[in-house]
Amino acid sequence: MELLSICRAASPCCHLDTSNWKPGERGLNLNQSKLFVPRKTLFFPGDVSRGFRPAGVISPGQQSGSGIQSIDQREGSSLLGRCKGFPDDVKSYSSSENCSYYVADEIEDLRDVSELGDIVTRVRIPALPDESKGKRGSPISSCFWEWKPKYSVHYEKAGTENVNAPAVLFLPGFGVGSFHYEKQLKDLGREYRVWALDFLGQGMSLPSEDPAPLPKSANMSEVKESVWGFGQETVPWAAELVYSIDLWRDQVRYFIEQVIGEPVYIVGNSLGGYVALYFAACNPQLIRGVTLLNATPFWGFLPNPTRSPRLAKIFPWAGTFPLPSRVKKLVEVVWQKISDPKSIHEILKQVYADHSTKVDKVFLRILETTQHPAAAASFASIMFAPKGELSFEEALSRCQLENIPICLIYGKEDPWVKPIWGQKVKQQVPEAPYYEISPAGHCPHDEVPEVVNFLLRGWIRNLEAEGSIALPLLDDPEPVDKGVSRDLEFVRDGSRKSVRVHFFGANRYSILDQMLSFTKSCIKKLRLTAG
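The structure reproduced in this document is the subject of the present report. (Residues numbered from 1 in each chain as written. Predicted model: local features only at pLDDT ≥ 70, side-chain atom pairs only at ≥ 80, totals over all residues. Heavy atoms only, no water.)

## As for the overall build of the chain
Secondary structure assignment for the chain yields 16 helices and 12 strands. As displayed, the chain offers around 23600 Å² of accessible surface, 54% of which is attributable to carbon and sulfur atoms. (Helix = DSSP H or I, 4+ residues; strand = E, 2+ residues; numbered from the N terminus. Areas by Shrake-Rupley, 256 points an atom, 1.4 Å probe, with all protein chains shown as cover.)

So this is what it looks like as structure tokens:
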């Protein structure tokens with residue numbers, strides 16, 4: 001249920017009007033399902049209108065003797081066991097309450113395309129819902145939840161009519177908000193109940209009143225042109241306010257308890273990934289699984305006062321209001337630079353690997369946030385807030401001890417959270433499925449939402465079915481130790497796009513293994529060239 005919430009129907013979140021700044025049971029664990037349950041089929045959600053065929057149906061122009069077999073004929077066959085990769089094994093789908101499944105119609109022999117030199121299967125996956133073609137996405141509602149007096153939290157939701165479906169909560173990265181998950185809300189909201197949250201101090205969860213106003217003696221022109229939080233005294237409601245990772249952890253807890261009302265699958269990108277893992281480590285009873293999307297492995301510079309009280313006393317200011325005079329001057333200079341539209345545009349250009357991705361809506365929403373009178377002081381509070389009580393590694397270890405399922409989905413071309421960070425998580429939690437997407441940068445959910453949504457669906461189904469449904473891209477136990485590569489194709493804006501997704505196996509991370517793999521790949525390339 002939702003307590004103290006104000007909800008209004010809205011168009012997709014990138015079109016929301018932001019000019020008005022008003023304010024169970026534990027989930028399944030991977031120890032049950034391990035990486036997969038050995039099966040002879042792989043599951044891919046599809047749609048006939050997007051060029052998919054029902055299982056066992058031969059497409060026009062293909063002869064019955066071309067190697068396409070029915071499901072019964074395929075029993076006992078193994079896709080990756082085919083040494084030449086000919087299309088003699090297609091994938092079948094099971095059915096569910098909310099979605100029909102169909103087979104992908106292309107499997108090609110692609111040599112010399114992965115680090116291991118393996119044959120890579122090309123598979124079509126569903127496109128995002130396209131209203132121009134009659135495929136409507138789930139409607140998105142924009143809401144406000146009053147957590148505490150003056151703590152107004154903005155969130156968006158979709159699919160609430162799917163009463164028996166799992167609940168999924170998305171947490172945004174630094175500098176963005178729930179609007180960054182529009183493509184997940186509209187798509188996944190057709191099957192699940194989906195929420196996306198704005199952290200306090202970001203997005204539309206910025207305060208509706210000045211936490212540290214200028215004194216009444218200030219002249220009206222000075223007050224009119226001032227930014228919030230730069231006064232001399234803090235108002236009572238903001239006396240202990242610090243936009244820290246501990247605050248966001250508590251915000252997520254109360255949001256799940258009071259608004260969602262049941263344990264969730266939680267998904268976080270960048271900073272949101274850290275918060276998701278940190279929250280799960282502290283509140284395992286409210287978690288069914290955690291997905292990290294290029295999660296930042298560290299946050300905060302100053303010592304945590306609970307963990308290191310003596311060390312914390314050395315620092316005179318740690319993100320509280322009002323801002324000290326020296327900090328004000330620094331923030332004025334830095335904020336002027338980073339809030340400039342050119343700087344925002346350059347950052348987006350840097351973190352998106354595919355520069356053809358449309359980011360106009362994201363750009364405008366970020367720009368709108370920077371124009372809020374509380375944005376500069378909130379940014380300062382975030383930057384000077386102390387570290388969390390648990391480090392990323394400690395939170396990961398605690399989640400592992402609690403048997404919390406973890407899924408890793410990382411963009412390979414991320415200039416900030418490079419692939420090594422995802423691989424380090426995989427090393428610490430070897431049972432966690434790890435998918436690496438290329439080309440994709442720091443925000444794969446927005447850059448290649450078709451792929452991220454496909455992987456999320458498959459992972460959730462695997463857990464909900466207690467491992468009886470294979471994880472995405474896995475149809476045979478044999479290649480798991482080495483890893484599996486797939487070329488995933490989808491249609492966007494009338495054009496077909498393709499990205500490479502690699503599933504990393506359990507034995508892929510030692511230096512020796514990487515050197516041996518590289519050597520084998522080079523030898524194979526030489527042989528192919530010589531032949």
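## Focus on the nonpolar core
Formed by 72 residues in total, the largest nonpolar core has its most connected members in L169, L171, W248, V252, F255, I266 and L323. Among the elements that take part in this core, helix α6 (residues 271-282) stands out by supplying 9 residues, more than any other. Beyond its immediate chain neighbours, meaning those up to four positions away, W248 contacts F199, L200, Q202, Y243, L271, V275, W299 and I382. In this structure, I140, I437, V448 and W459 belong to the second largest nonpolar core, which totals 38 residues. (Core = buried A, V, L, I, M, F, W, Y, C linked by side-chain atoms within 4.5 Å. Buried < 20%, exposed > 50% of the residue type's maximum accessible area, 1.4 Å probe, protein only. Contact = heavy atoms within 4.5 Å.)

## Some points on the pattern of salt bridges
The full count for this structure, using the stated rule, is 20 salt bridges. R457 is paired through a salt bridge with E191; the nearest N and O atoms lie 2.3 Å apart. Here the residue R457 occupies a position in helix α15 (residues 449-464), and E191 occupies one in the loop between α3 (182-188) and β6 (193-197), the gap between them amounting to 266 residues. For the pair shown, R457 and E191 are each scored as buried. Between R253 and E257 there is a salt bridge, with the nearest N and O atoms lying 3.4 Å from each other. Linking R253 with E257, this pair stays in helix α5 (residues 245-260), spanning 4 residues, or about one helical turn. Given a relative accessible area of 36%, E257 falls into the partly exposed group. Each member of the salt-bridge network shares a partner with another, and the members are R122, D487, E489, R496 and R500. (Salt bridge = Lys/Arg side-chain N within 4 Å of Asp/Glu carboxyl O.)

## Structural notes on the packing of aromatic side chains
Each aromatic ring pair is summarised here by two numbers: the centre-to-centre distance and the angle between the ring planes. Counting across every chain of the model gives 20 aromatic pairs. Considering the side-chain rings of F298 and W421, the 5.8 Å spacing of their centres and the 80° angle between planes classify their relative orientation as edge-to-face. On the criterion of sequence distance, the pair formed by F298 in the loop between β8 (287-293) and α7 (309-312) and W421 in helix α13 (residues 419-428) is long-range, its members being 123 residues apart. A relative accessible area of 52% means that F298 is categorised as exposed. Under the relative-accessibility criterion, W421 is labelled partly exposed at 27%. Judged by centre distance (5.5 Å) and plane angle (45°), the rings of W335 and F379 are tilted. Of this pair, W335 sits in helix α8 (residues 325-338) while F379 sits in helix α11 (residues 375-384), and the two are 44 residues apart along the sequence. The exposure classification of W335 matches that of F379, with both residues buried. (Phe/Tyr/Trp six-rings, centres within 6.5 Å; stacked < 30°, edge-to-face > 60°.)

## Considerations on α6
Given 3.6 residues per helical turn, the α-helix brings residues three or four places apart onto the same face. For α6, built from 12 residues, the straight-helix expectation of 16 Å at 1.5 Å per residue is met to within 8% by its first-to-last C-alpha distance of 17 Å. Taken across its 12 residues, α6 has 11 buried, putting it largely inside the fold. Along α6, the positions that sit buried rather than exposed are L271, G272, G273, Y274, V275, A276, L277, Y278, F279, A280 and A281. On the buried face of α6, the contacting elements are β5 (167-171), α5, β7 (264-269), β8, α12 (392-401) and β9 (406-411). (Expected span 1.5 Å × (residues − 1).)

## Looking at the packing of α8 against α11
For any two helices packed against each other, the geometry is given by the interaxial angle and the distance between the axes. Put simply, α8 and α11 touch, their axes get as near as 10 Å, and they point 110° apart. Taken as axis vectors, α8 and α11 run roughly perpendicular relative to one another. Of the residues in α11, those in contact with V327, L330, V331, V334, W335 and I338 of α8 are A375, A376, F379, A380 and F384. A breakdown of the residues in the contact of α8 with α11 according to their chemical character gives 11 nonpolar, no polar and no charged. (Axes fitted to C-alpha atoms, helices over the stretch in contact; angles between N-to-C directions. Parallel < 35°, antiparallel > 145°, perpendicular 65-115°, else oblique. Nonpolar A, V, L, I, M, F, W, Y, C, P; charged D, E, K, R; others polar.)

## As for the environment of P207
Mapped onto the elements, P207 comes out in the loop between β6 and α4 (220-225). For P207, a relative accessible area of 5% gives the class buried. Sequence separation of P207 and K150 is 57 residues, and the distance between their C-alpha atoms is 6.9 Å. In this view, P207 contacts W228, W237, Y243, H372, A374 and S378; residues no more than four positions away in its chain are not counted.

## Thoughts on unusual backbone geometry
Following F321, the chain continues into P322 via a peptide bond in cis, with omega recorded as 0°. As for its placement among the helices and strands, P322 is situated in the loop between α7 and α8. Geometrically, the link from S438 to P439 is a cis peptide bond, its omega value of 0° lying close to zero. Note that P439 resides in the loop between β10 (434-438) and α14 (444-447). One non-glycine residue, N294, lies in the positive phi region at around 50°. By secondary structure assignment, the location of N294 is in the loop between β8 and α7. The residue E466 is not glycine, and still its phi comes out positive at about 55°. Secondary-structure assignment places E466 in the loop between α15 and β11 (484-492).

## A few points about the pairing of β7
Here is the key point about a regular strand: its side chains alternate between the two faces of the sheet. For β7, the buried fraction is high: 6 of the 6 residues fall into the buried class. The alternating pattern of β7 places V264, I266 and G268 and Y265, V267 and N269 on opposite faces, both of which are buried. Bridge count between β5 and β7: 4 bridges; the pairing is parallel. If you follow F170 over to β7, its bridge partner there is V267. Here β7 pairs with β8 via 6 bridges, running parallel. Note that in β8 the partner of V264 across the bridge is I287. (Pairing = 2+ DSSP bridges.)

## A closer look at the environment of S339
Along the chain, the position of S339 falls in the loop between α8 and α9 (341-351). In this structure S339 touches I344, L367 and T370, once residues within four positions along its chain are discounted. At 2.5 Å, the side chain of S339 and the backbone oxygen of W335 are in polar contact. (Polar contact = N/O pair within 3.5 Å; in protein donor to acceptor, adjacent residues only side chain to side chain.)

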